[in-house]
Each structure stands twice: as structure tokens, then as C-alpha cells.
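Survey of secondary and tertiary structure
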Amino acid sequence: CVVEYTRMPPDVQHEPAAEVEQPKKNRPKATPLRQQKLAAWQPILTASTVLPTVFCVGIVFIPIGIALVLASQGVEETFLKYAKHCESAGVNCKLTLTIPKDYTGDVYFYYYLENYYQNHRRYVKSRNDQQYLGNINETSDCAPFEKINGVPIVPCGAVANSLFNDTYVLRRNGDVDPVPMTTEGVLWDVDKDRKFKNPPGYNPNDPPETRCAPFANTVKPPNWKNRVCEIPNGLENVDFIVWMRTAALPNFRKLWRKLDRMKGGAYANGLPAGDYILEITNNYPVTTFSGDKGFVISTTSWAGGKNNFLGIAYLVVGGVAIALGVIFVAIHVRFGHSMAELGNVSNQR
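Let me begin by describing the structure that accompanies this report. In this text the structure is predicted, and so the values were computed from the model without any measurement.

Inspection of the secondary structure assignment puts Asp-260 in the loop between β9 (252-259) and β10 (270-271). For Asp-260, a relative accessible area of 12% gives the class buried. Residues in contact with Asp-260, not counting those within four places in the same chain, are Pro-180, Met-181 and Thr-182.

Pasting the structure below:
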């Protein structure tokens, strides 16, 4: 059997088989959102739309700024720095201050700290909010004040350890009884109701040995004189909660007490004018960070405490808007074109 092979000419080649097209897996869906075909609107900024807007900003902001400045000027305030005055007096320090006029309505008492950076990142993060809700064994994120010899610190963290502990008694000159003060209305509701709780079994009215039982196997922060169960209301102490809301700026004031007008008498309508003696328990050191501290007596207005910055900011923005509006009008009158002229240019093209 003879098999014959036929040799193909060199110029004749087999065509490759057609490749099967694979479907694209990452192809977006044919929707207006995926294909970026949604309806759009682009405003055309013209002099007739921009100029009224600029003038409206100025017209609105300037009256608001004037109202805020007037409200701030209506706040009465007495401010006394005492760190240097009490440096040589020791723990117990007495200073005299004068209220120049009657402070009517609600009167608030603040403490003031200067050059104290509560907004430092490591300082702010050194706390455990779960522990402040009554889980006293939780100490994570509290470094370097987590534990002492393996025993949890309560309350833990750098913020709690540096609690401000100066106290004040204010007496009207010649009076034996101090000015009545209260902690009612000092705290934010969210702090009081949701962020700070004592452990189960704590009762502030119990004797010390029973009151401290829920805090067994814990120690106080290094800078504290007493355990947390030995201060009024434990972890729900007003001064502690106020301190734990850190300040954003290095010079700040925090609300300490409020005038108790419910007691009646000479303080039913506010704080009368006259000379007062401020008795200070000078516990908190400020020389280590080159700071200062003070005591503030202040009223409030519908806009809050005494602060001119917000009103001045509104006035500046409003004034700048009016000035820019005038400049834009002058430019438009000198170099601008009307819509009809712009339409003629478009038609000519």
C-alpha cells in the first residue's frame, strides 16, 4: 500500500480559528448613575446673581454681629487671678474682690486655668469611658495611669489623674454665712445621664466602709488625696464630670458652681454689689507648667457668656461682603457687558 503525501505550496497557510470573544466581567451596568448620565444643573454666575448674594450676606451678617456684641457687652463679669497672690499664703488663701454693680438673674462661678493644654493628643486619649460607666476593671487606653502593682486605678487615665481640686467659699464682707451655691444646672444632661455611672451596689448615703465596697481591689490615682468612693457621689461627682470634658484651648474656664437663688434672702434676685472675701483652698499646682489660675463670677445673656469674638467675626464677614459688593459693582459698571451684548456676540459667531 503506497501513501502519497501532497506538499502544500509555501505561500498557502491555514487560517487560525476564530477566537471566541469572552464576556467582560467588570463592565458597569447600563444605568444613568453607573454611566454618569444623570441630569445635571450648572448655574451661570452673572453680575445679576452674584452681586445681590454678596450684598445679602453683608446685610444679614452685620445686624447679627451687632446683636451678638451688644449681648456680650451686657454680661457682667468679675475676674480674679490668684496663683501668684496665694503662692506664699499656703493652702488657705483669702482675697478681697469687689462687685461693682448688682448682678441680677442667674450668676455663675467658674475656675480659670492658663497655659494648660488639655487638648494634647496623648492626654486626651488617656481615659476609658467604659470604666466611667461602672466597669471598674476596665483600664485599657489609660496609660500611663492604668494600674499600680497590678491593681486597677479608678478613675484611670491622665485626664482623671490631673483633676482640678481647688475649692472656694465666697462671703459678703461682714457676713458670717457664705454666698449660697449649688451644683444644679452645672452639668450637661448627656454627661450626667449617659457617660458617668457608679458600679452596682454604690450608695452615696452609706457609711464610708460600705460605700467603698463596690470599689474593692482598686486604688486611687497618684495625684488624688482620697479614693473616688470617698468624694461626694463617686464617679458621678460634679467636679469630676466637668473636668473630664476637655478644653480645646490652653486658656479656659470651667463652670464650678451656680448661685442658689432658691435660698431667698439677699440673693433671691442675684448677687448684690459690694465687697466680698474669697476663701481659696489652694491645692492645685500651676508653676510646673508656667501657668496661672483664677476665679470668675459672671452673668449670662441669650447668647451665652461674655465673648466678643463671635460678634466681631460676624461684623468682619459682613463688612468684607459689603466692600466686595461695592468693588464688584464698580468693576461691572466700568468693564461689564449686558446680557443683550453677550447674546449679540454669540449670534455673530
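Looking now at the sheet that holds strand β1 (residues 77-81). If you walk across this open sheet you meet the 5 strands as β1-β12-β4-β9-β8, and the pairing is antiparallel. Two strands close off the open sheet at either side, each with one partner strand: β1 and β8 (181-182).

In this description, an aromatic ring pair is defined by two values, namely the gap between the centres and the angle between the planes. Tallied over the entire structure, the rule returns 20 aromatic pairs. With a centroid separation of 4.6 Å and an interplanar angle of 40°, the aromatic rings of Tyr-168 and Phe-295 are classed as tilted. Linking Tyr-168 in strand β7 (residues 167-172) with Phe-295 in strand β12 (residues 292-298), this pair joins segments that are 127 residues apart in sequence. Exposure class is identical for Tyr-168 and Phe-295. Each is buried. Here Phe-196 and Phe-240 contribute two aromatic rings whose centre-to-centre distance is 5.7 Å and whose plane-to-plane angle is 80°, an arrangement assigned as edge-to-face. Within this pair, whereas Phe-196 is found in the loop between α4 (189-195) and α5 (208-211), its partner Phe-240 is found in helix α6 (residues 238-244), the two being separated by 44 residues in sequence. Among the residues examined, Phe-240 registers a relative accessible area of 0% and is labelled buried. Through a chain of ring-to-ring contacts, the aromatic side chains of Tyr-111, Tyr-116, Tyr-123, Phe-164, Trp-243, Phe-252, Tyr-284 and Phe-289 assemble into a single cluster. The ring of Trp-188 has Arg-245 sitting right over it, with the charged end atom 3.8 Å from the ring centre. Positioned above the aromatic ring of Tyr-110, the side-chain terminus of Arg-253 is 5.7 Å from the ring centre.

This part is about empty space enclosed by the protein. One pass over the full model with this rule turns up 1 cavity of 30 Å³ or more. There is about 30 Å³ of room inside the largest cavity. Tyr-111, Leu-163, Phe-164, Asp-239, Val-242, Leu-255 and Trp-256 are the residues that line the largest cavity. When contributions to the lining of the largest cavity are tallied by element, the ones reaching two or more residues are α6 and β9. Here the residues of the lining of the largest cavity sort into 6 nonpolar, no polar and 1 charged.

In this model helix α7 (residues 309-335) runs 38 Å from its N-terminal to its C-terminal C-alpha over 27 residues, within 8% of the 39 Å that 1.5 Å per residue would give. Among the residues making up α7, those that are buried are Gly-311, Gly-318, Ala-321 and Gly-325. Summarising the contacts, the buried residues of α7 are in contact with α1 (47-73).

Attention now moves to the packing of α1 against α7. Between α1 and α7, the shortest axis-to-axis distance is 7 Å and the interhelical angle comes to 155°. Between α1 and α7, the crossing angle belongs to the class labelled roughly antiparallel. Here α1 runs over α7; the crossing is left-handed.

About the criteria used
- Residues numbered from 1 in each chain as written.
- Predicted model: local features only at pLDDT ≥ 70, side-chain atom pairs only at ≥ 80, totals over all residues.
- Heavy atoms only, no water.
- Helix = DSSP H or I, 4+ residues; strand = E, 2+ residues; numbered from the N terminus.
- Buried < 20%, exposed > 50% of the residue type's maximum accessible area, 1.4 Å probe, protein only.
- Contact = heavy atoms within 4.5 Å.
- Pairing = 2+ DSSP bridges.
- Phe/Tyr/Trp six-rings, centres within 6.5 Å; stacked < 30°, edge-to-face > 60°.
- Lys NZ or Arg CZ within 6 Å of the ring centre and 35° of its normal.
- 1 Å grid on protein atoms, 1.4 Å probe; cavity = no way out; pocket = protein on both sides within 12 Å on 5 of 7 lines; lining within 4 Å.
- Points joined across faces, edges and corners; volume = space filled by probe spheres on them.
- Nonpolar A, V, L, I, M, F, W, Y, C, P; charged D, E, K, R; others polar.
- Expected span 1.5 Å × (residues − 1).
- Axes fitted to C-alpha atoms, helices over the stretch in contact; angles between N-to-C directions.
- Parallel < 35°, antiparallel > 145°, perpendicular 65-115°, else oblique.
- Left-handed = near helix turned anticlockwise from the far one by under 90°.

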